[in-house]
Amino acid sequence: MDQDGLTGEVRLDNLNHVDRRASFAIGIFDPERLGKGLGTAVTKRVLAHAFDELALHRVSLRVLAFNERAIAAYRKSGFSIEGRERESALIDGEWHDDIMMGILAAEFDARRDATGNE
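Let us look at the structure shown here. Every value quoted in this text rests on a predicted model; they were computed, and no experiment measured them.

### Examining helix H1 (residues 38–53)
So, point 1. With 16 residues, H1 should reach 22 Å at 1.5 Å per residue; the first-to-last C-alpha distance of 22 Å fits that figure.
So, point 2. Residues Gly 39, Thr 40, Thr 43, Lys 44, Val 46, Leu 47, Ala 48, Ala 50 and Phe 51 constitute the buried set of H1.
So, point 3. Of the residues flanking the end of H1, it is Ala 55, one or two places downstream, whose phi is positive at about 55°.

Listed below in structure tokens is the structure:
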């Protein structure tokens, strides 16, 4: 764990009740917890809350294109790649692309119905 005792952070931002959408963000601070399915499990729980409790229609996110681990976890959770914003993030003097991903309530429901456990 990090020095604050936190494993990570997850949130829904930019909640728009009219369009029934929000942005998703997650970060795992504890390197020992990476690669063990925690991010995917938490993502699925937050999506269930977003679609079931908040009645959202859509959840979207942005992820750095080089973050292959995160992209794989998002895809495993049901997100689809919707686009790429070229050279949108300047990190340590280098430009990097952002990948835009999204999931709709009907897509999440179909996955849940197919597996019976999301």
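Anyway, onward from the coordinates.
### Side note on the environment of Ala 50
So, point 1. Along the chain, Ala 50 falls in helix H1.
So, point 2. The class for Ala 50 is buried, based on a relative accessible area of 0%.
So, point 3. Setting aside anything within four residues of it in sequence, one finds Ala 50 in contact with Leu 12, Ala 55, Leu 56 and Val 59.

### Comments concerning the layout of surface pockets
So, point 1. Put simply, the largest pocket is a space of about 540 Å³.
So, point 2. Taken together, 26 residues line the largest pocket, and the ones lying closest to its centre are Ile 26, Arg 69, Ala 70, Ala 73 and Tyr 74.
So, point 3. Elements with a contribution of two residues or more to the lining of the largest pocket: strand S2 (21–28), H1, strand S3 (58–64) and helix H2 (68–76).
So, point 4. Tallied by class, the residues present in the lining of the largest pocket amount to 13 nonpolar, eight polar and five charged.

### A short note on the pairing of strand S5 (residues 94–104)
So, point 1. In the sheet, S3 pairs with S5 via seven bridges, with the strands oriented antiparallel. Bridge pairing in S5 places Val 63 opposite Ile 99.
So, point 2. In this antiparallel pair of consecutive strands, strand S4 (residues 80–91) and S5, the connection spans two residues, and Asp 92 shows a positive phi of 50°.

### Brief notes about the sheet that holds S2
So, point 1. In spatial order, the strands read S1-S2-S3-S5-S4; together these five strands make up an open sheet with mixed pairing. A single partner strand is all that each edge strand has here, and the edge strands are strand S1 (8–16) and S4. Going across the sheet, the axis of each strand differs from the next one's by a mean of 25°, ignoring polarity.
So, point 2. Set on the sheet, H1 makes contact with S1, S2, S3 and S5; between it and S2 the angle comes to about 160°.
So, point 3. Along the sheet face, H2 touches S2, S3, S4 and S5 and points at about 165° away from the line of S3.

Each value, and the rule that gives it
- Residues numbered from 1 in each chain as written.
- Predicted model: local features only at pLDDT ≥ 70, side-chain atom pairs only at ≥ 80, totals over all residues.
- Heavy atoms only, no water.
- Helix = DSSP H or I, 4+ residues; strand = E, 2+ residues; numbered from the N terminus.
- Expected span 1.5 Å × (residues − 1).
- Buried < 20%, exposed > 50% of the residue type's maximum accessible area, 1.4 Å probe, protein only.
- Contact = heavy atoms within 4.5 Å.
- 1 Å grid on protein atoms, 1.4 Å probe; cavity = no way out; pocket = protein on both sides within 12 Å on 5 of 7 lines; lining within 4 Å.
- Points joined across faces, edges and corners; volume = space filled by probe spheres on them.
- Nonpolar A, V, L, I, M, F, W, Y, C, P; charged D, E, K, R; others polar.
- Pairing = 2+ DSSP bridges.
- Axes fitted to C-alpha atoms, helices over the stretch in contact; angles between N-to-C directions.

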